[in-house]
Structures are given as structure tokens and as C-alpha cells.
Amino acid sequence: MVQYSILHKAYVKIFLHAAKHPHKPVNGVLLGRLSSGVVIIQDVIPLLHHWTNLSPMMEIGLDLAKGHAESVDLSLVGYYQACERIDDTALTPVGERVAEQLRSQFSDAIAFVIDGDTLGSGEAALIAYLPQPGSTSWRPQVLNPRAFAPGSQIMLVDPESPSRAVALVRDYRMHHEFGDFDDHLEDVTIDWLRNTAWLMPVYTLHAPSRAVDTSSIITRGTLVHCPALGQVNILRDYLLLIDDQGFITHVSPASSDSSQEYINQHESSIKILPPGSFLLPTFCDLHLHAPQFMYQGTGLDLPLMEWLDKYAYKAEESLDEKPDLARKIYHRLAQRLTEVGTGAVLLFGTIKTETNLVLAQEMQDAGVRAFVGKLSMDKSSRPTYQECSAEHSLKSAEDFIQRCKASVAEFTEHQRLVEPVITPRFVPTCSDELLERLGELSERTSTRVQSHLAESYGEAKWVKAERGIDDIEVFKKHRLLRRGTVQAHCTFLNPQELDELVVNQTAVAHCPLSNAYFSEKPFPLREALDKGLFVGLGTDIAGGYSIDIMNSMRQAVAVSRMREGVRAIEIGSTSIVGNQERSLAVEWKESLFLSTRGGALALGLENSGEFKVGASFDAQQICVFDFENSAGVGALDFFDVEPECKELTMDMIEKWWCMGDVRNRTGMWVQGRKLL
């Protein structure tokens, strides 16, 4: 039997149709496609509530529905109905005939009957029917696990779809906005084929504590960004326009003719930034283990492999067993990321698909741009926490990719903030067979890849002993070094191996704090940057204890200065006089680039990380000085600001970089949506 996966939009539409006509039988058809053994039910078209027999109106409605499905590159993959009596859950003879007709065109067609007794409970209220083998008779399916339970062959992409559908009816009365073909015949303005009127309330329900502001934004003030490594540009008194989809449409000095035209037309709606504040692109965190947020700042006295056994695997396994705990932790994680200005994050999850879908939903709900990785690992030092085979692991990865993409398919493209990532944990937990097939999967589906590479002496030595080659060669052999791959750490790579990453356009997540705890040597950041390698910063929660990328910036600079100190001493000890070699030290301006534009480029976000026309408006508002009261904000103190000074200086930005914290962050937006 194939699997069936129902998108949120499809479930809600079935629910609204039944709620619109609670005392009448209703029916409709399911739209979707078959992908890798899974029938993904993406949408539904409601047909009738007056004449639910095989009338001419039914035939016309079916033909129109089929034409619409083909126009959006979908097929009619099934049928649904609700009976007149609330306790009646039988598929009617008419329903069987329609379902059988659909099966003649789509062999894996399915039928659902709405369970009226369960409809308002917040539980999935659909009973699945499939034809009996060799027969045209359809019967309810008895599955183990039961339909819509974890691991079942019939699943909801969003387990909260039933409760959210109830809220749409109870709180928003959106069933009154819904219409079927019968309704359209009485009022031709009803768009029964699409039924899009309920979409905005659904988007709002994704984040009940934050209203979705889709209006245009006009801001005037100081912008700060890093268009190139080592370059910090202060754009004083600029006008910035953002459209209702969250893209920048204008960025120019306020004194320019084009800006003045906007100012004259929209002066009353312009947001003026205080003179001691500036807008900065949001931070990118290229390496964070979401389940390990559970025990952030714990057990850092152990070597890496022992720490993984004692803390990491145990915590990840517990979240896979306790979805409510996972939702609580991931909800708080999203809040923390917003507080510290992280607008894009590359996440390691757990091995269970459903837990990672919770993670994806929490990030989407919070408005954080997230790349979510379901761990692939068919080997482990913890027998209870591994996938049973390479084949099983591969199918799970494919399933997660499909369901993660499906979970945001209801949104327009600019509103889709989460993407799946293929995530072999690291070479010690993955067989060669699994790595080979994950490489094929990445190429076939154009899905990003992330892993750990050359992280510690013990890990590197273990891989060489078991596989006979270094782990970079393992990844290369299985086509997992490619554009769209981010490898964390890379501290034990030599110059030639760094060149391999450059050639293969593979990016590095530099995690200086966790390297201090779990790697015996620092990452050669200066050398990597000089080679043109894509590098961003990562917090590596919980190998690193701070979730704030500002600390990662500071630590990256500090480690690089220590490396330069060691180099200088070594040069002096060999009596090399007047050596003009490039310093290994990285300065704060370069680290600010790595945390914003550099991180965005490493993630493949070409239109993010700087202020330019066409870029996504992913920004944070930073306040460093209150000119009205001549006082610094938060931890910042200034004693030499001249009374006549009324504008931001580079020294003020540097002080914020060194000492600033969450108290300086007064606003945050991702894709134009205000989060803070």
C-alpha cells in the first residue's frame, strides 16, 4: 500500500465544507500527485451539497475540477463526503462509483468519509476507504498504526490541522466564506475551484501572538551593512521602501530626487529611526542542534564522543519520544533566536520525521528563516538511537523532504520560510551505502546538505582507521561535497583540503566556541577567507553554550588573534626578520560580514544579508545611543560624545559589537514581517 499525506490546506477545506452545510450531505474531490510512493493530497475542490447523486451537475462539476487540477499540474487522487446524519460514516453507493471512476484514471485513488462525531474534537475526523483487492467494493481501512497516528500510512502533514480548522470555524467563522459548485451556481462570484478567502486567517493562526503585517514599509534613517568582507558601510539618512511581499524596492539617500518624491507623497506614513539607531541585516547561524537547546550549557567538560553519548543522543531520543516536549523546546528556541537577532538558521534535528516537522512548523510560525535537517544515521554508539538500515534511513529522508515542503505549500513563495536539508550526522554514524544514496538523493531532489567534517582529532583518527581515508574523501566519494553543502568545523583540514572545498563550492560553518571545547585546534579562518571559501558563523548549540551570534563573532576574532600571536612568536624564534606574511588575525568588521552577508551567501541566500533593491527585508533595529539624554543604551557607556554630535559613528558601532546585547535590539523583521 502506498502512503497518503494530507496537507493542511486540504484538510481545512474538507472541514470548512462540512461546517458550511452541517445538515446536508456534501462531497468533493482530492487533488494531488504521487511522489516516491507517497500520494501527497495538496488541495480539494468542493462539489455539491444539494444534489450528491450522479446528476448532470455532478458530471459537470467533476469535469471542471479535472480541468482545474490539470491546469495546476495536479491529478484528481480521491473523493470525500459527509453524510446527512452525524453518526453515518458509510461511503454511499454514489461515492463508491465516483471513487471507482477516479481510480480508473489514478490507480492509487482514496476516499474519505467525514466522521461527524469527531469533527469538532480537534482530532482527525476522516475515515479512509480503499477498494477491496480484485473488487469495486470500497471498505474502511483498518490500519496498524491507525490512520493519522505516528508512523501510519495515512498522515496529516500538520498534526494540528484539526484543531486549527476548529479555530477557523469557531473564532473566525470562515466556513461562511467557503463555497462549493452548488453555491457557485447560485452566486457566480464564488470561486469554488480555489476558495482562497480563508488563507490569511490560517497564516495568522500559525503565529497567534504576532499579527502578520503585509502592508508596505517606508523607513528613513541610518542603515549599516557589509557588502564585502571587511567593509562596513554606514548609509546615513537613507530612505528604504519594502513592498507587501517583504522585498526592498527602493534604497537611496533621502535627499535624492527619487526619495524626495516618495517622501512628499507618503510623509505621514514614514517610520523615522532615532539618530542613535540603525538597521542591520539579521544574523545567520549556520550550525545549531535544535534538540540540544534542551541542555544548553551542560556537560562541556567531556571529550566529544563521550559528550555525544551522555548528552546529545539521549536528549534527541527523548524528544522523538515526547512530541509535546519537542514542541515546547522548539517554540522557546524560536523565541530565543528572535531575541538575539538571528533571522536565518541551519538546524540539525533528530532522526524521527514527525519531530522535525514540529521543528519546521515552530520556525515557520515564529517567522524565522530555517533550514531543517532530519538526521540520517544508520550507525550509533547508542543502539536505541539509530535507524535500522541504510534503506530505512534513505526512505525517512525522502519522506521528510516531501512532507517538509508540503507543510508550507499552502503559502505563497515569499511566505515559505522553511526548507528541508539532507543531514548525515557525520561519517562515524553513517555507512558508505547510506552516504552514497544520500548523495544521489541530494542531486536528484536539489536538496541542501549539511554535516560535520574534520571536527576533532579523535573523530578524524577514527574515520581514517575505519574507512582508510579521511572524512573529506568520504564525503567527496559520495558526492556530498557540492554547492549547497555546509560542513561544520573543518578544524583538521590542511590547505589542500580547504582548496577541495573551494573547488566544490562547499561552505563552512565556523563555530569558534565549540571548537575550543571539542576540537584540539582552531579553524584556519584567515587562510580559508583568503582562498575565497564561503564561511559563515555557527553557535553549535549545545557544543557551544551561547545562542547569540554576537558572541560567535567576538570569539572568532579572539581565536584568530591568538593564532596570529602564536605565528608571530614562531617567526621570532626562527630569527625571520621583517617577515611580511599576512596576519592571521581577523578584525571585527570581517566578523560582522561573516554573521550577515557572508552567512547568507554560505546558505545560498543570494538576495539576503544586505540592503539593495530586490533583497529580502531581513533586518534588525539596533539602538546604541540616546542623543536626547546623551546616554548609551544597555551595557554601552559613552563619555566623549560631543554635544553637537547627532549621528552614529563607526566607533559607536564597534563598541556595540564588543559589548552590545539584547537590550540594544528594538526591532526585527524577516521577509518584511515584524517579529520583534
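I will try to describe carefully the structure that is included in this document.

Conventions and cut-offs
- Residues numbered from 1 in each chain as written.
- Predicted model: local features only at pLDDT ≥ 70, side-chain atom pairs only at ≥ 80, totals over all residues.
- Heavy atoms only, no water.
- Helix = DSSP H or I, 4+ residues; strand = E, 2+ residues; numbered from the N terminus.
- Rg over C-alpha atoms; globule rule 2.2 N^0.38 Å.
- Buried < 20%, exposed > 50% of the residue type's maximum accessible area, 1.4 Å probe, protein only.
- Areas by Shrake-Rupley, 256 points an atom, 1.4 Å probe, with all protein chains shown as cover.
- Lys, Arg positive; Asp, Glu negative; His and termini not counted.
- Charge placed at Lys NZ, Arg CZ, Asp CG, Glu CD.
- Phe/Tyr/Trp six-rings, centres within 6.5 Å; stacked < 30°, edge-to-face > 60°.
- Contact = heavy atoms within 4.5 Å.
- Polar contact = N/O pair within 3.5 Å; in protein donor to acceptor, adjacent residues only side chain to side chain.
- Expected span 1.5 Å × (residues − 1).
- Salt bridge = Lys/Arg side-chain N within 4 Å of Asp/Glu carboxyl O.
- Pairing = 2+ DSSP bridges.
- Axes fitted to C-alpha atoms, helices over the stretch in contact; angles between N-to-C directions.
- Core = buried A, V, L, I, M, F, W, Y, C linked by side-chain atoms within 4.5 Å.

## A short note on the overall build of the protein
No. 1: Secondary structure summary: the protein contains 21 helices and 26 strands in total.
No. 2: Taken over the C-alpha trace, the protein has a radius of gyration of 28 Å; the compact-globule value for 676 residues is 26 Å, and the two agree within 12%.
No. 3: Its C-alpha atoms give the protein principal-axis dimensions of about 95 × 70 × 40 Å.
No. 4: In the protein, which comprises 676 residues, the proportion classed as buried is 59%.
No. 5: For the protein, the computed accessible surface area is about 26,900 Å², with 51% contributed by carbon and sulfur atoms.
No. 6: Charge centroids of the protein, computed over 64 positive and 89 negative side chains, lie 2 Å from each other.

## A few points about the packing of aromatic side chains
No. 1: Under the counting rule described, the total for this entry stands at 12 aromatic pairs.
No. 2: Aromatic side chains Trp307 and Phe518 sit 4.9 Å apart centroid to centroid with 40° between the ring planes, which places their arrangement in the tilted category. Highlighted residues: Trp307 in helix 8 (residues 304-321) and Phe518 in helix 16 (residues 512-518), separated in sequence by 211 residues.
No. 3: Ring geometry for Phe617 against Trp669: centres 5.6 Å apart, planes inclined by 45°, an arrangement best described as tilted. Here the residue Phe617 occupies a position in the loop between helix 20 (597-602) and strand 22 (619-623), and Trp669 occupies one in strand 25 (residues 665-670), the gap between them amounting to 52 residues.
No. 4: For Trp669, a relative accessible area of 6% corresponds to the buried category.
No. 5: The structure contains a cluster of three or more aromatic residues connected by ring pairs, namely Tyr295, Trp307, Tyr311 and Phe518.

## Examining the environment of Asn195
No. 1: Along the chain, the position of Asn195 falls in the loop between helix 5 (181-186) and helix 6 (199-206).
No. 2: The class for Asn195 is buried, based on a relative accessible area of 5%.
No. 3: Spatially, the C-alpha atom of Asn195 lies 8.2 Å from that of Lys13, the residues being 182 residues apart in sequence.
No. 4: Other than its neighbours up to four places away in sequence, Asn195 contacts Lys13, Pro46, Glu177, Phe178 and Gly179.
No. 5: Polar side-chain contacts of Asn195 include one of 3.0 Å to the backbone oxygen of Trp192.

## Some points on helix 10 (residues 353-366)
No. 1: With 14 residues, helix 10 should cover 20 Å at 1.5 Å per step; its first-to-last C-alpha distance of 20 Å lies within 8% of that length.
No. 2: Helix 10 sits mainly inside the fold: 13 of its 14 residues count as buried.
No. 3: With its phi angle positive at about 85°, Gly367 sits one or two positions after the end of helix 10.

## Re the pattern of salt bridges
No. 1: Tallied over the full model, the rule gives 44 salt bridges.
No. 2: A salt bridge links Arg597 to Glu610, with the shortest nitrogen-to-oxygen separation between them at 3.2 Å. Placement of the pair is Arg597 in helix 20 and Glu610 in the loop between helix 20 and strand 22, with a sequence separation of 13 residues. Assigned by exposure class, Arg597 and Glu610 land together as buried.
No. 3: A network of salt bridges, in which partner residues are shared, links Lys379, Asp432, Glu466 and Arg467.

## Considering unusual backbone geometry
No. 1: Going from Asn144 to Pro145, the amide bond is cis rather than trans, its omega being 0°.
No. 2: Mapped onto the elements of the fold, Pro145 is located in the loop between strand 7 (138-140) and strand 8 (154-156).
No. 3: Residues Ile541 and Ala542 are joined by a peptide bond in cis, for which omega reads 5°.
No. 4: Structurally, Ala542 is set in the loop between strand 21 (535-537) and helix 18 (549-573).

## Observations regarding the sheet that holds strand 19 (residues 485-489)
No. 1: With parallel pairing, the 8 strands of this open sheet are ordered in space as 14-15-16-17-18-19-20-21. Either end of the sheet is taken by a strand with one partner, and the two such strands are strand 14 (283-289) and strand 21. In this sheet, neighbouring strand axes are inclined to one another by 25° on average, regardless of whether the strands run parallel or antiparallel.
No. 2: Bridge count between strand 14 and strand 15 (residues 342-348): 5 bridges; the pairing is parallel. Bridged to Asp285 within strand 15 is Val345.
No. 3: Along the sheet, helix 19 (residues 588-595) makes contact with strand 14 and strand 21, crossing strand 21 at roughly 90°.

## Some remarks on the sheet that holds strand 1 (residues 3-6)
No. 1: Ordered by their spatial adjacency, 8 strands build an open sheet running 7-6-5-4-2-3-1-8, and the pairing between neighbours is mixed. Every interior strand has two partners, whereas the edge strands, strand 7 and strand 8, have only one. This sheet shows a mean twist of 30° between the axes of neighbouring strands, independent of strand direction.
No. 2: Note that strand 5 (residues 110-114) and strand 6 (residues 126-131) share 4 bridges and pair antiparallel. Each bridged residue has a counterpart across the sheet, and for Phe112 the counterpart in strand 6 is Ala128.

## A look at the environment of Leu229
No. 1: Mapped onto the elements, Leu229 comes out in the loop between strand 9 (217-228) and strand 10 (231-242).
No. 2: Its relative accessible area of 35% is what places Leu229 among the partly exposed residues.
No. 3: Placed 361 residues apart in sequence, Leu229 and Glu590 show a C-alpha to C-alpha distance of 5.3 Å.
No. 4: With sequence-adjacent residues up to four places away left out, Leu229 is seen in contact with Leu529, Glu590, Phe593 and Leu594.

## Details of the nonpolar core
No. 1: Grouped together as the largest cluster of nonpolar side chains are 65 residues, with contacts concentrated most on Ile6, Val29, Leu30, Ile41, Ile110, Phe112 and Ile154.
No. 2: The dominant element in this core, judged by the number of residues it contributes, is helix 1 (residues 8-20), at 8 residues.
No. 3: Setting aside chain neighbours within four positions, we find Leu30 in contact with Ile14, Ile41, Asp43, Val44, Ser75, Leu76, Val77, Gly78, Tyr79, Tyr80, Ile110 and Phe112.

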